[in-house]
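# Structure at a glance
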Amino acid sequence: MSLALSTLLYEWRRYMAAVMALALSGLLVLAMTGVFIGIGKGFTATIERSSADIIIMQPGAKSLIGGPSGVPRRFIPLAYRNPAVVEVQPLDGAGGSFQSVKNVDPTMSQADRAKMGAPRQEFVQTSIIDTTPGAVTIPTDYSQELVDALRQPYTVAIDETATRKLGVKLGDRALYNGQTVTVVGITRGYPNMMQATIIMSRDTLRMVGQADTGPRVGPLMVKLNDPSQAERVAAELNEQGDGQWKAWTRQELADANAGAMFEEGILVIIIGGCVVLGTIIGVAITWQTLRGAIMANIKEFASLRALGVGMGSLQWIVMELSFWVGCVGVIAAILLTLLLQALALMGAVIIALPLILLIIVGGGLIVIAMLSGLLSLGILKNSQPADLLR
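One structure accompanies this document, and this report is about it. (Residues numbered from 1 in each chain as written. Predicted model: local features only at pLDDT ≥ 70, side-chain atom pairs only at ≥ 80, totals over all residues. Heavy atoms only, no water.)

A separate point is the sheet that holds strand β8 (residues 179–187). With respect to topology, six strands assemble into a closed barrel ordered β4-β5-β9-β6-β8-β7, the strand pairing being mixed. On average, adjacent strands in this sheet sit at an angle of 45° to one another, irrespective of strand direction. Pairing between strand β4 (residues 93–100) and strand β5 (residues 122–129): six bridges, direction antiparallel. Each bridged residue has a counterpart across the sheet, and for alanine 94 the counterpart in β5 is threonine 126. (Pairing = 2+ DSSP bridges. Helix = DSSP H or I, 4+ residues; strand = E, 2+ residues; numbered from the N terminus. Axes fitted to C-alpha atoms, helices over the stretch in contact; angles between N-to-C directions.)

Here is the structure:
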């Protein structure tokens, strides 16, 4: 075992402040970035968890969040020309006002409702599923009971994060654009961070007068007879479309959606601020901790110099010690973030932690630790062998 690693193991209390500074810096960056990625996944969860193997959008679309995603309706039969395609359905949706009808008579006028203190209206987004068995628009985590319930006319489902905001619970009735609907399902894992979303069947959307029957439809959800051939079929569809559309595999679109979140200026500013703040905190505390620990062991370093160990070797020991402190800090940061992720999930908040994010932040923490060690090398000049005679 190297001298640096054994020093860290046997005198770990002296270096705990540096480890915790790195861990908290990493936690700050990982948590903030993970929350924003989780918000993006909340918006696109319906597609990313659908049974679709391929999604067809306009060629100018860079993700589901940015750019035009709708396509002409005539593309639906064209997609069936590929023999691997077994189902194509457009993803429809709309929006409208949503109001709980608890203790409110729907036959009353708006003026009378206002006098009674009727609940305020909320504007919601609407997403649809097809309730035929195995439909491509049904998310893979929807239970058969939920699909059967949504098959009934004028029924909706909402995520658990929207129940308090909308003022409804399972079994309650509500007004959607003035028409009575019943909440028959509560979903989990589709957080409504900004605007509430309700799920209904395509038939119900048509009954409330919002079905898209025009020449343009939403993104096309494509199911294949062999999902493992998604990349090949997507390439064939793109060639077949001759630039009229762009076919994405589900994973490609998920990655594009995650990347699109960081194209928003305000998010880049917030995350960039967290990175700068975390770096300053990490370097300052880690530097001072390492400096104090080296000073406490200055006689040991002086003894090594008296035995003939060169200054270069002592500096290498300090840098190696900084590296191991950084590694321990990375492990602590990831464990703390996973704990926070579990706690957030209990509140239906998604903190997404993709592997590339862990690698980037982990590498950054090690760089911070090494930089702190580099700043602490000057203290080794005090390790004079003559000091041992005092």
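A few words on a nonpolar patch on the surface. The grouping of Trp12, Met16, Met20 and Leu24 at the surface amounts to a nonpolar patch, some 360 Å² of accessible area in total. Along the polypeptide, leucine 24 turns up in helix α2 (residues 12–48). (Patch = residues over 30% accessible without salt bridge, like charges linked within 9 Å, V, L, I, M, F, W, Y side chains within 5 Å. Areas by Shrake-Rupley, 256 points an atom, 1.4 Å probe, with all protein chains shown as cover. Salt bridge = Lys/Arg side-chain N within 4 Å of Asp/Glu carboxyl O.)

This paragraph deals with the pattern of salt bridges. One pass over the full model with this rule turns up seven salt bridges. The closest approach of N and O atoms between aspartate 130 and arginine 202, which form a salt bridge, is 2.6 Å. You can see aspartate 130 sitting in the loop between β5 and α5 (144–150) and its partner arginine 202 sitting in helix α7 (residues 202–207), a full 72 residues away along the chain. Of the two residues, aspartate 130 and arginine 202, both sit in the buried class. Linking arginine 151 and aspartate 148 is a salt bridge whose minimum nitrogen-to-oxygen distance equals 2.7 Å. By relative accessible area, which is 31% here, aspartate 148 ends up partly exposed. (Buried < 20%, exposed > 50% of the residue type's maximum accessible area, 1.4 Å probe, protein only.)

Moving on: the nonpolar core. Grouped together as the largest cluster of nonpolar side chains are 25 residues, with contacts concentrated most on Tyr15, Leu22, Val325, Leu357, Val361 and Leu365. Elements that contribute at least two residues to this core include exactly α2, α10 (265–296), α12 (311–346) and α13 (355–375). Other than its neighbours up to four places away in sequence, leucine 22 contacts Thr286, Val325, Gly326, Gly329, Ala333, Leu365, Ile368 and Ala369. Of all hydrophobic cores here, the second largest spans 19 residues; its members include Ala84, Leu220, Leu237 and Trp245. (Core = buried A, V, L, I, M, F, W, Y, C linked by side-chain atoms within 4.5 Å. Contact = heavy atoms within 4.5 Å.)

It is worth spelling out the layout of surface pockets at this point. Here the idea is plain: a probe the size of a water molecule rolls over the atoms and shows the empty space left. Each pocket or cavity is described by its volume, and for the largest pocket that value is around 650 Å³. Around the largest pocket sit 29 residues that line it, and Phe43, Thr46, Gln125, Ser127 and Thr197 are the ones nearest its centre. For the lining of the largest pocket, the secondary structure elements donating two or more residues are α2, β4, β5, β6 (155–159) and β9 (197–201). Here the lining of the largest pocket takes six residues from α2, the largest share from any one element. Tallied by class, the residues present in the lining of the largest pocket amount to 15 nonpolar, 12 polar and two charged. Estimated volume of the second largest pocket: approximately 460 Å³. As for the second largest pocket, its lining consists of 25 residues, and the residues nearest its centre are Val29, Thr33, Leu357, Ile360 and Val361. Counting residues per element, the lining of the second largest pocket draws most heavily on α13, at seven residues. Residues that form the lining of the second largest pocket fall into these classes: 15 nonpolar, eight polar and two charged. (1 Å grid on protein atoms, 1.4 Å probe; cavity = no way out; pocket = protein on both sides within 12 Å on 5 of 7 lines; lining within 4 Å. Points joined across faces, edges and corners; volume = space filled by probe spheres on them. Nonpolar A, V, L, I, M, F, W, Y, C, P; charged D, E, K, R; others polar.)

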